[in-house]
Amino acid sequence: MSFEWPWQYNFPPFFTLQPNVDTRQKQLTAWCSLALSYCRHQKLYTLDVMEAQESPVFNNKKIQRKLSTDTIQVIFEELRKKGNLEWIDKNKTRCLIMWRRPEEWGKLIYQWVSNNGMTNSVFTLYELSNGDDTENEEFHGLEDWLLLRSLQTLQLERKAEIITLNESKGVKFF
Amino acid sequence: MDRFVWSSGLLEINETLVIQQRGVRLYDGEEKGKMDVGILLLSTHRLLWRDHKNHDCCIAMPLSQIVLFEEQAGGIGKSAKIVVHLHPAPSNKEPGPYQTSKYSYIKLSFKEHGQIEFSRRLSEEMTQRRWEHVPVSQPINTSTTSQAGRTRAVGIVGIERKLEEKRKEMDKNISELFNTEPFISQAKEMVELSRSIASKIKDKQGDITEDETIRFKSYLLSMGIANPVTRETHGSGTHYHMQLAKQLGEILLAPLEEQGGMMALTEVYCLVNRARGMELLSPEDLVNACKMFEALKLPLRLRIFDSGVMVIQLQSHSEEEMIASALDNVSEKGSLTSEEFAKLLGLSVLLSKERLLLAEKMGHLCRDDSVEGLRFYPNLF
């Protein structure tokens, strides 16, 4: 399924950080949702800022407009505030993208578990993210770090417990 | 002979020459002395002798030093002489040819005769004692005369004397150079005038006459001070600015209409000064006059944008209308740069940019800043 670009994507001013405060707010909101939906579509869990500048989402070759690194940083900061982004390094060159926050993932996973009557069973992380059973699920292909975080949220809710199996991690659902 | 002092040989003011005689030799007491034959001069105040070969060498003695004198007739091989008995030299006597002398008299030997006449004149002067009631003063020392009457220097004393003279001369020249007399007299006039104006302003009595104002201004201008009288006092402005504002109100109406109700202040400045031809306005005066538009209820306004650009606009000029029309224009064309907008409306680029920026501020437009330039779009966000 090809990605559907929002109307702003082809609107040149979209790529210039607006000085008018109100306009800017609307612009940033649009950018955040675009970035997240693109990452979700591409199943991107990490972003490198340098690479991102060349990625189609921030660089529209058709209208010959692209975001400056400064503006990208502004957008990323917005995402971080919302909880959708986490910097991996101090220099802010790489980041983790959570187009779904861990809590949201946790809920989804638990829903699947309870729908399939698999409470009280144990899974390895690998089974959850890459198992055949979960192939149609959204969380299929979820990267370990994110999966772990999601399970941790469930752990807090006492709906799951993370356990160590041999050399890998697993989870028991309640 | 130690009563004599070196002299320039110049007569002082009020000193008159009485008689002079050539071929006179001076004797220190009985001794011939180191002086040669010379010219003996008698004045109302002094007895002077000048070496006939070296005119620089000149000595003098005040007549007050003379106690009495007597004639000594000459003989075969001997010239007639006058013996002059002298008072002791005063302690503050200036340097002379002889430091000390064991004699208290001198002899004047007249080689070429003339002692009778001289003696007679000397007697007259001694009787009259004119030096006692005719005060003398130093003659005006111009460079030519001082050169002519320079004393002949002998030995170290002479060198010192020459140096001293040189120094005195230089001093005098320099002080003449820096003579500020004429300046001070001119300044006096100006000080008087400024004082009178200041007092008038203080007492608020009477108008400062135009004449005085003009004179004062001309002084200040010559000193390099531009018009110091501040044109604005707490925003109330002066009469001049009020008049000017009224005048501007009339002149600017037509051009403003043409330009769509708004003109940059720089354009106004050029327009007005070109129209005036003479008596041009300064930018300051223009701004101050424009600031009074509102107070004088004229249909013009001075407006300052965020960027600092100053414009004059008609009061009837409505900003909302302008912005709405700007939005229409941009929407029509899809997007516009300030240059395109300027061309469309027949405005200057500066003003068109200001208008677009204002529309953006209001949220009607948004910007697209790229390598292609700055474009404005309708705000679809």
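Below is a short write-up of the structure. It should be emphasised that the depicted structure is a prediction, and the values quoted were computed from it without experimental measurement.

What counts as what
- Residues numbered from 1 in each chain as written.
- Chains lettered and ligands numbered in written order.
- Predicted model: local features only at pLDDT ≥ 70, side-chain atom pairs only at ≥ 80, totals over all residues.
- Heavy atoms only, no water.
- Pairing = 2+ DSSP bridges.
- Helix = DSSP H or I, 4+ residues; strand = E, 2+ residues; numbered from the N terminus.
- Axes fitted to C-alpha atoms, helices over the stretch in contact; angles between N-to-C directions.
- Core = buried A, V, L, I, M, F, W, Y, C linked by side-chain atoms within 4.5 Å.
- Buried < 20%, exposed > 50% of the residue type's maximum accessible area, 1.4 Å probe, protein only.
- Contact = heavy atoms within 4.5 Å.
- Expected span 1.5 Å × (residues − 1).
- Patch = residues over 30% accessible without salt bridge, like charges linked within 9 Å, V, L, I, M, F, W, Y side chains within 5 Å.
- Areas by Shrake-Rupley, 256 points an atom, 1.4 Å probe, with all protein chains shown as cover.
- Salt bridge = Lys/Arg side-chain N within 4 Å of Asp/Glu carboxyl O.
- Parallel < 35°, antiparallel > 145°, perpendicular 65-115°, else oblique.
- Left-handed = near helix turned anticlockwise from the far one by under 90°.
- Buried area = accessible area lost by both parts, 1.4 Å probe.
- Polar contact = N/O pair within 3.5 Å; in protein donor to acceptor, adjacent residues only side chain to side chain.
- Nonpolar A, V, L, I, M, F, W, Y, C, P; charged D, E, K, R; others polar.

So, on to the sheet that holds strand β9 (residues 262-264) of chain B. Residue and element names in this part refer to chain B. Across the sheet, which stays open at both edges, the three strands sit in the order β9-β11-β10 with antiparallel pairing between neighbours. Every interior strand has two partners, whereas the edge strands, β9 and β10 (300-304), have only one. Strand-to-strand twist across the sheet, computed as the mean angle between neighbouring axes with direction ignored, equals 25°. Two elements, β9 and strand β11 (residues 310-314), share three bridges in a ladder whose sense is antiparallel. Opposite Ala 264, over in β11, you have Val 311 as the bridge partner.

A word on the nonpolar core. By size, the foremost hydrophobic cluster in this structure holds 53 residues, and its most contacted members are Phe 58, Phe 76, Leu 79, Ile 97, Leu 151 and Phe 173 of chain A. Excluding residues that lie within four positions of it along the chain, Leu 79 of chain A makes contacts with Cys 32, Ala 35, Leu 36, Asn 84, Leu 85 and Ile 97 of chain A. Leu 47, Val 84, Ile 106 and Phe 110 of chain B belong to the second largest nonpolar core, which has 28 residues in total.

To continue, consider helix α3 (residues 69-82) of chain A. All names here are of chain A. Look at α3: 20 Å from first C-alpha to last across 14 residues, which is about the 20 Å you get at 1.5 Å a residue. Looking at the buried positions of α3, the neighbouring elements they touch are α1 (21-42), β1 (46-48), α2 (49-54), β4 (85-87) and β5 (94-97). Gly 83, located one to two residues past α3, shows a positive phi value of around 95°.

This part takes up the pairing of strand β8 (residues 105-110) of chain B. All names here are of chain B. The buried fraction of β8 amounts to six of the six residues, a majority that puts the element mostly inside the structure. Neither face of β8 is exposed, since Tyr 105, Lys 107 and Ser 109 on one face and Ile 106, Leu 108 and Phe 110 on the opposite face are all buried. As judged from the five bridges shared by strand β2 (residues 17-28) and β8, these two strands associate in the antiparallel manner. The residue bridging Leu 26 from the neighbouring strand is Leu 108, located in β8.

Here the focus is the sheet that holds strand β6 (residues 66-72) of chain B. Residues and elements named next belong to chain B. Ordered in space as β1-β5-β4-β3-β2-β8-β7-β6, the eight strands form an open sheet in which the pairing is antiparallel. A single partner strand is all that each edge strand has here, and the edge strands are β1 (5-6) and β6. Sheet topology note: the β6/strand β7 (residues 80-86) ladder contains six bridges and is antiparallel. Across the sheet, residue Leu 68 finds its bridge partner in β7, namely His 85.

Let us look at the side chain of Asp 2 of chain B. Looking at where Asp 2 of chain B falls in the secondary structure, it is placed in the segment before β1. Discounting chain neighbours no more than four positions away, the residues touching Asp 2 of chain B are Ala 89, Lys 93, Tyr 98, Gln 99, Thr 100 and Ser 101 of chain B.

Residues and elements named next belong to chain B. Taken together, the side chains of Met 170, Ile 174, Leu 177 and Phe 178 define a hydrophobic patch exposed on the protein surface, amounting to about 490 Å² of accessible area. In this fold, Leu 177 is placed in helix α4 (residues 155-177). Overall, Leu 177 belongs to the exposed group, its relative accessible area being 69%.

Let's shift gears to the pattern of salt bridges. Summed over the entire model, instances satisfying the criterion amount to 29 salt bridges over all chains. A salt bridge links Arg 94 of chain A to Asp 48 of chain A; the shortest N-O distance between them is 3.7 Å. You can see Arg 94 of chain A sitting in strand β5 and its partner Asp 48 of chain A sitting in strand β1, a full 46 residues away along the chain. On the basis of relative accessible area, Arg 94 of chain A is assigned to the partly exposed category, the value being 34%. Between Arg 167 of chain B and Asp 171 of chain B there is a salt bridge whose closest N-O contact spans 3.1 Å. Placement of the pair is Arg 167 of chain B and Asp 171 of chain B together in helix α4, with a separation of four residues, close to one helical turn. Accessibility expressed as a relative area gives 42% for Arg 167 of chain B, which makes it partly exposed. One salt-bridge network, held together by shared partners, links Glu 117, Arg 120, Arg 121 and Glu 124 of chain B.

On to the packing of helix α10 (residues 319-333) of chain B against helix α11 (residues 338-345) of chain B. Residues and elements named next belong to chain B. Running from amino to carboxyl end, α10 crosses α11 at an angle of 110°, the nearest separation of the two axes being 11 Å. Our classification of the angle between α10 and α11 gives roughly perpendicular. For the pair α10 and α11, the crossing hand works out as right-handed. Seen from α10, the contacting residues are Ala 326, Asn 329 and Lys 333; seen from α11, they are Phe 341, Leu 344 and Leu 345.

All names here are of chain B. Relative to the helices and strands, Leu 350 resides in helix α12 (residues 349-361). Overall, Leu 350 belongs to the partly exposed group, its relative accessible area being 42%. It is 8.1 Å that separates the C-alpha atoms of Leu 350 and Ser 338, two residues lying 12 residues apart in sequence.

Across the boundary between the two partners, chain A contributes 15 residues, which contact 15 residues of chain B. Where chain A abuts chain B, roughly 1300 Å² becomes buried across the two surfaces, and 62% of that area is made up of carbon and sulfur atoms. Inspection of the region where chain A meets chain B yields two salt bridges. A salt bridge links Arg 65 of chain A to Glu 372 of chain B; the nearest nitrogen and oxygen atoms lie 3.4 Å apart. Where chain A touches chain B, the interface holds seven residue pairs in polar contact (both at pLDDT 80 or more). Among the elements that line the side of chain A that touches chain B, the one with the most residues is α1 of chain A, at three residues. Across the side of chain A that touches chain B, the residue classes tally to six nonpolar, seven polar and two charged.

Further remarks concern the packing of helix α8 (residues 265-276) of chain B against helix α9 (residues 283-290) of chain B. Residues and elements named next belong to chain B. Remark: α8 packs on α9, axes separated minimally by 11 Å, with the N-to-C direction vectors making an angle of 110°. One finds that α8 runs roughly perpendicular with respect to α9. The interaxial crossing formed by α8 with α9 has right-handed handedness. Here Leu 265, Val 268 and Tyr 269 of α8 come into contact with α9, specifically with Pro 283, Leu 286, Val 287 and Cys 290. Tallied by class, residues from the contact of α8 with α9 come to seven nonpolar, no polar and no charged.

Treat this as a map of the structure, not an account of what it does.
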